[in-house]
2 protein chains.
Amino acid sequence: MKPVQKLTITEVALRDGSHAINHQYTLEQVISVAKALDDANVPYIEVSHGDGLAGSSLQYGLSRTNEMELIEAAVSVCATSQIGVLLLPGVGTIQQLNEAAKLGVGMARIATHVTEADISAQHIARSKELGLVTVGFLMMSHMAPVETLVEQAKLMESYGADTVYVVDSAGALLPFQVEERIRALKQSLSAHIGFHGHNNLSLAMANTLAAIQEGATWIDGSVRCLGAGAGNTQTEVLVAVLEKLGIETGVDVYKLMDLAEEIVAPILQKPQEITKGSLVLGYAGVYSSFLLHAQRAALKFGLDARDILIELGRRKAVGGQEDMIMNVAAELAKSNYPLSSV
Amino acid sequence: MKPVQKLTITEVALRDGSHAINHQYTLEQVISVAKALDDANVPYIEVSHGDGLAGSSLQYGLSRTNEMELIEAAVSVCATSQIGVLLLPGVGTIQQLNEAAKLGVGMARIATHVTEADISAQHIARSKELGLVTVGFLMMSHMAPVETLVEQAKLMESYGADTVYVVDSAGALLPFQVEERIRALKQSLSAHIGFHGHNNLSLAMANTLAAIQEGATWIDGSVRCLGAGAGNTQTEVLVAVLEKLGIETGVDVYKLMDLAEEIVAPILQKPQEITKGSLVLGYAGVYSSFLLHAQRAALKFGLDARDILIELGRRKAVGGQEDMIMNVAAELAKSNYPLSSV
């Protein structure tokens, strides 16, 4: 690998990981995880509903505990780690951002679909006004060509983002695709570049290393792999691999291993594996919310749900376009199904 | 990636995977898995005790079912897939190889520690006489420098091996180390080159892709990740990734996904995760049999077992040298412990 400057790790088990436990974190769990992460010297710890501030809803799943309570508790037990929050404009609002800032968070990540950076302008600007480390978070990054990704990242930078992340929400990117994306961003931006990987294709670690190789210096991980889909890049493993590669993170790998085994693993009702469902989502490159709809449509039209998902991936269907699923299924049923020759 | 010729997949869930279930495969399980693999067009299916033919013992763990019965049953249900066996000279003998050949297996893989290829000469020669596809399997490949690995592989080739595998038994290799190993073998051998990965550092897929990139064409996978340590490269995920990369395997990915979810997952008592134990083994690069001994030694000397394992990895301790563990622990306790600054 090329020489790499020190990396900045953000731990997402208390945010993305909340998907893995249906947003059922208790105050006690968040306190014990945050305390251990602080003790292991992890610089940033994200605490929010899986879908960001105000994500707790019938649509996205109700949180067990009010997220502001969780954030406040996490802030209170951390001596040096900064607490971060995720905000999806349209789900959360400026008001929640203000509230989180008052509670003492140090970082805000403003997340949009990869082609919708323009809706992050006000939130990024407000985050900067609040004096927070401000991150632009481009979700479903596999769905846009490299040039579009660069444009959108530049928008976020122009609004004031200190760092812009390539977010592989569906775990659908291949290492060479990560490389070309990070390389292009590195050439066009002066902001720091970040990478957030998912493991649906068992490539979270490979993609993370590819991103680092090309100059990403802000990296997300999740202890014990806790996250949506097949989970994220596993933080304690990442730090171990980076040590073997001679890349510094400042994080104590023994303490992370202990946290994963003794505190986080018991929280999980079932371990993170690459199941058929998560694999298909990564393979097709679609939203996890499509899975159930595709299964229903498959039943109705006598199709394989996978063919529907793959066709949706080809058409770059985005969240909110769930109606499209029945239409695609109807088309597939009429055509020389299966279209995909897998 | 460079253009790649068609890959030959060997499925190891019925051999390496037997470690994950304490060698408790039933006849019915082996039949249903082998049938589904045959139906999915997987060319080679390895069936043996996790430690190879005759591995069933108090030392390595007793199999629930006689392996020759399992092999015979697997052969009988496969229309096109060939059944393979693993043999570690010293554990299994020529007699078991003869017996397996009589039952109709099509492939034998002769496995030795990476520096001990010379003990495979007779077994490889006999396998060739029996008309079997013959593979030399260099275990713990991370423990030898590249030049030694090449020498040892050349020995196996000279005995008649059609393919020589780099076997990352401890899941300890990093992608660049896989690349340099495969590249060197490719330059020095005319035999096919194979790669067998483990996921202790979450790098099984990354390492497998690195191996393919450098010219390995025989690749091992394990459905649902079933294998020793943190498991192997997950076959159904690998085939999905290779399809996305345009690399042909001839294997039906949908059928593999279904097999993983419906037949293999229910066999597992607990899913394959990267636990603290398996991570430490990959990080230190030592045998899994060292773990318990190191924990005992740590208790005795008031040390952290991880420091003992890392020191054993540095000294390249091999299986059978378990006595060394107490000595290392005693030395560490006397020295400016911890030696490793993790």
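Residues numbered from 1 in each chain as written. Chains lettered and ligands numbered in written order. Predicted model: local features only at pLDDT ≥ 70, side-chain atom pairs only at ≥ 80, totals over all residues. Heavy atoms only, no water.

With respect to the nonpolar core
Argument step 1. By size, the foremost hydrophobic cluster in this structure holds 223 residues, and its most contacted members are Ile-308 of chain A together with Ile-308 of chain B.
Argument step 2. What Ile-308 of chain A contacts, discounting residues up to four positions off in sequence, is Ala-294, Ala-297, Ala-298, Leu-303, Ile-325, Val-328, Ala-329 and Leu-332 of chain A.
Argument step 3. Listed in part, the 12 residues of the second largest apolar core include Tyr-44, Phe-137, Met-139 and Val-167 of chain A. (Core = buried A, V, L, I, M, F, W, Y, C linked by side-chain atoms within 4.5 Å. Buried < 20%, exposed > 50% of the residue type's maximum accessible area, 1.4 Å probe, protein only. Contact = heavy atoms within 4.5 Å.)

Looking at the domain arrangement of chain A
Residue and element names in this part refer to chain A.
Argument step 1. In terms of domains, chain A is made up of domain 1 (8-267) and domain 2 (286-334).
Argument step 2. Listed by partner, the interface residues are 4 residues for domain 1 and 5 residues for domain 2.
Argument step 3. Counting each side, the surface lost to burial between domain 1 and domain 2 is near 430 Å², with a carbon and sulfur contribution of 66%.
Argument step 4. When the area that domain 1 buries against domain 2 is broken down by residue, the three leading residues are His-113, Met-140 and Met-143, summing to 78%.
Argument step 5. Linking domain 1 to domain 2 there are 1 residue pair in polar contact (both at pLDDT 80 or more).
Argument step 6. Counted by class, the side of domain 1 that touches domain 2 contains 3 nonpolar, 1 polar and no charged residues. (Domains from an automatic or database assignment. Buried area = accessible area lost by both parts, 1.4 Å probe. Polar contact = N/O pair within 3.5 Å; in protein donor to acceptor, adjacent residues only side chain to side chain. Nonpolar A, V, L, I, M, F, W, Y, C, P; charged D, E, K, R; others polar.)

Overview of the packing of helix H12 (residues 305-314) of chain A against helix H10 (residues 253-264) of chain B
Argument step 1. Contact geometry of H12 of chain A with H10 of chain B gives a least axis separation of 12 Å together with a crossing angle of 120°. Here H12 of chain A lies oblique to H10 of chain B, going by the angle between them. Viewed along their axes, H12 of chain A and H10 of chain B form a crossing whose handedness is right-handed. Facing H12 of chain A, whose interface residues are Arg-306, Asp-307 and Ile-310 of chain A, H10 of chain B presents Tyr-254, Met-257 and Asp-258 of chain B. (Axes fitted to C-alpha atoms, helices over the stretch in contact; angles between N-to-C directions. Helix = DSSP H or I, 4+ residues; strand = E, 2+ residues; numbered from the N terminus. Parallel < 35°, antiparallel > 145°, perpendicular 65-115°, else oblique. Left-handed = near helix turned anticlockwise from the far one by under 90°.)

Quick look at the interface of chain B and chain A
Accessible area lost during the coming together of the parts is what is often quoted as the interface size.
Argument step 1. Taken together, the contacts link 42 residues of chain B with 42 residues of chain A.
Argument step 2. Buried area between chain B and chain A, both sides added, is near 3800 Å², and the carbon and sulfur share of it is 63%.
Argument step 3. Per-residue buried area on chain B facing chain A is highest for Lys-244, Tyr-254 and Tyr-283 of chain B; these three make up 19% of the total on that side.
Argument step 4. The interface formed by chain B and chain A holds 8 salt bridges in total.
Argument step 5. Here Asp-258 of chain B and Arg-306 of chain A are joined by a salt bridge, their closest N and O atoms 3.1 Å apart.
Argument step 6. Remark: the boundary between chain B and chain A carries 20 residue pairs in polar contact (both at pLDDT 80 or more).
Argument step 7. When contributions to the side of chain B that touches chain A are tallied by element, the ones reaching two or more residues are helix H7 (175-188), helix H8 (204-213), helix H9 (235-244), H10, helix H11 (276-284) and helix H13 (305-314) of chain B. (Salt bridge = Lys/Arg side-chain N within 4 Å of Asp/Glu carboxyl O.)

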